[in-house]
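# Understanding the architecture of this molecule
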Amino acid sequence: MEFKKLLGNRIYVEIPKKEESKLMVDDNTKEALQREMLKKMSKLIVYSVGDLVNNVSKGDVILVDPGSLSKAHVIPLSDDKDVLLISPFDVIHIW
């Protein structure tokens, strides 16, 4: 069931898909794959905004402070949809 409304000074952003691999890789390859995932995390799509947020809109592509992403909460919206909860104060810019 989809939520009715996001309240307050909050933003939900979509979590980029991570390709699953069953291959064993060495540490250098693993590090390279993590760097690629971080590149995907540099441009996040806004899924929903709280009723007090007025400078970011649903569908915007944003850059979020990387330090805040490591502390962001994963919110399960449904069986197949999770989002990250961030603060609008952590948005650096909008493309």
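In short, a report on the structure. (Residues numbered from 1 in each chain as written. Predicted model: local features only at pLDDT ≥ 70, side-chain atom pairs only at ≥ 80, totals over all residues. Heavy atoms only, no water.)

Pairing in this open sheet of 6 strands is antiparallel, and the strands run 4-5-1-2-3-6 from one edge to the other. The strands lining the two open edges of the sheet, one partner per strand, are strand 4 (73-78) and strand 6 (91-94). Shown here is a sheet whose adjacent strand axes are inclined to one another by a mean of 45°, direction ignored. Note that strand 1 (residues 11-14) and strand 5 (residues 81-86) share 4 bridges and pair antiparallel. Following the sheet pairing, Ile11 is matched in strand 5 by Ile86. (Pairing = 2+ DSSP bridges. Helix = DSSP H or I, 4+ residues; strand = E, 2+ residues; numbered from the N terminus. Axes fitted to C-alpha atoms, helices over the stretch in contact; angles between N-to-C directions.)

This brings us to the packing of aromatic side chains. According to the stated counting rule, one finds 1 aromatic pair in the structure shown. Considering the side-chain rings of Phe3 and Tyr12, the 5.5 Å spacing of their centres and the 85° angle between planes classify their relative orientation as edge-to-face. Overall, Tyr12 belongs to the buried group, its relative accessible area being 11%. Residue placement shows Lys43 over the ring face of Trp95; its charged tip is 4.6 Å from the ring centre. (Phe/Tyr/Trp six-rings, centres within 6.5 Å; stacked < 30°, edge-to-face > 60°. Buried < 20%, exposed > 50% of the residue type's maximum accessible area, 1.4 Å probe, protein only. Lys NZ or Arg CZ within 6 Å of the ring centre and 35° of its normal.)

Keep in mind these numbers describe shape, not what the thing actually does.
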